[in-house]
Amino acid sequence: MLVFATETSCDETSICLMEGRNIIEHITFSQEIHKKHGGVVPELASRSHLEKIQNMTSYLFNTKKIDPNIIDVFAATCGPGLIGSLLVGSTFTKSLAISYRKPFIPINHLEGHILSTSFNNDIKFPCLVLLLTGGHTQIYLMKDDKNIKLLGESVDDAIGEAFDKTAKLIGLPYPGGSEIEREAMGGNENKFILPKPLVKEKNFNFSFSGIKTHINLLTKKNKIDKKFIKDLSASFQKNITEILIEKIERGLERLKLENENIKSLSVVGGVSNNKYIKNEIENYFINRNIEIYYPLKEMMGDNAAMIAWACYKNYHISKNNIYFKPVPRMEVNNKLNK
Ligand code: ZN
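Residues numbered from 1 in each chain as written. Predicted model: local features only at pLDDT ≥ 70, side-chain atom pairs only at ≥ 80, totals over all residues. Heavy atoms only, no water.

## A closer look at the sheet that holds strand E7 (residues 137–142)
And step 1. Strand order in the open sheet formed by five strands is E8-E7-E6-E9-E10, with mixed pairing between adjacent strands. In this open sheet, the two edge strands, each paired with only one partner strand, are strand E8 (148–153) and strand E10 (291–293). Adjacent strand axes in the sheet meet at a mean angle of 20°, parallel and antiparallel pairs treated alike.
And step 2. Packed on one face of the sheet, helix H7 (residues 226–257) meets strand E6 (127–132), E7, E8 and strand E9 (264–268) and runs near 155° to E6. (Pairing = 2+ DSSP bridges. Helix = DSSP H or I, 4+ residues; strand = E, 2+ residues; numbered from the N terminus. Axes fitted to C-alpha atoms, helices over the stretch in contact; angles between N-to-C directions. Contact = heavy atoms within 4.5 Å.)

## A word on the side chain of His109
And step 1. Checked against the element boundaries, His109 lands in helix H3 (residues 109–115).
And step 2. Here the side chain of His109 touches Ser9 through a polar contact of 3.4 Å, side chain to side chain.
And step 3. Among all residues touching His109, those that are not within four sequence positions of it are Glu7, Ser9, Thr77, Gly79, Pro80, Asp302, Met306 and Ile307. (Polar contact = N/O pair within 3.5 Å; in protein donor to acceptor, adjacent residues only side chain to side chain.)

## Focus: the side chain of Lys94
And step 1. Among the secondary structure elements, Lys94 is positioned in helix H2 (residues 83–99).
And step 2. This buried residue, Lys94, is left without a salt bridge; Glu7 holds the nearest opposite charge, at 15 Å.
And step 3. Within the local environment of Lys94, its side chain forms a polar contact with the backbone oxygen of Phe324, the two atoms lying 2.5 Å apart.
And step 4. Excluding anything up to four places from it in sequence, Lys94 contacts Phe104, Ile322, Tyr323 and Phe324. (Buried < 20%, exposed > 50% of the residue type's maximum accessible area, 1.4 Å probe, protein only. Lys, Arg positive; Asp, Glu negative; His and termini not counted. Salt bridge = Lys/Arg side-chain N within 4 Å of Asp/Glu carboxyl O.)

## Quick notes on the sheet that holds strand E3 (residues 22–30)
And step 1. Pairing is mixed in the open sheet, where five strands are placed in the order E3-E2-E1-E4-E5. Strands with a single pairing partner mark the edges of an open sheet, and in this sheet they are E3 and strand E5 (104–108). Averaged over all neighbouring strand pairs, the angle between strand axes comes to 20°, with direction disregarded.
And step 2. Here strand E1 (residues 2–7) runs beside strand E2 (residues 12–19); their pairing, made up of six bridges, is antiparallel. Bridged to Glu7 within E2 is Ser14.
And step 3. The strands that H2 touches are E1, strand E4 (73–79) and E5; relative to E4, the one it contacts most, it runs at about 160°.
And step 4. The sheet contacts of helix H9 (residues 304–314) involve E1, E2, E3, E4 and E5, and relative to E1 the element is tilted by about 135°.

This is how it looks when you write it as structure tokens:
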């Protein structure tokens, strides 16, 4: 089955042509236009998607000589995300499906992230999924590919947002994730003690906005020089990682009481690319009999390959749904097309 998929939920324009576990073409364009604004501007994002998606697709069909008639199914991210951006990608993809008389499958962006590790790993169930992105911080219990339950999430900022806002406070450019990771190298991670909101609570929820407030105070009390930026980046990264590990630990303990013996941990989303977080999680889980999975590098951030893969995995339970309207807020397992 040859799947053509698009992803335009935020500031990445991405298209993918996939057949089973074979990625034939995958092109992702990260919109640079938001850098000078210090965050994603929704209107600019929609316009940029519109400009890019047509060129990328004609490149695939004309330059790469892919005959669109051989594509079996068209899929697009239909939520959650910025509504203007979702409309561009989904309407464009629907029109291709109509033109070539093929089915259109709407895909939930979060399901794309959650299922991304099953592309390159044989998942052992039950699996705990840690979804870490610029828009979401969530923990799921995945009993199998179709049985995915949200256990908890951030009650305020997403983890990627916390990185971006902290970077902004200490004068680093947007997007802040990679900037903080780079500055943290060689910084003193024990220099600043930062708060860990909600970490002792017996639920799976996160809260990151209080950390930002604390850092804001620190920037007023200290001189923002090179050393301060390095030490604060390192302390922030360590604090965030400890919160994640403590939450996973508590989660595993609670699930054990409910007779859910977790066999694996899947870390997905753009923040899973952070090497410090990865190493700390791996060190913690060494000798604990829990397998850890990450997506392929090209399937970590927002990308169309994970959308094509989610379509491929769920195709047998999905329906052709050309009338599906994109929704900015969407939960996993909301039966959007099943
Ligand atoms: Zn995402």
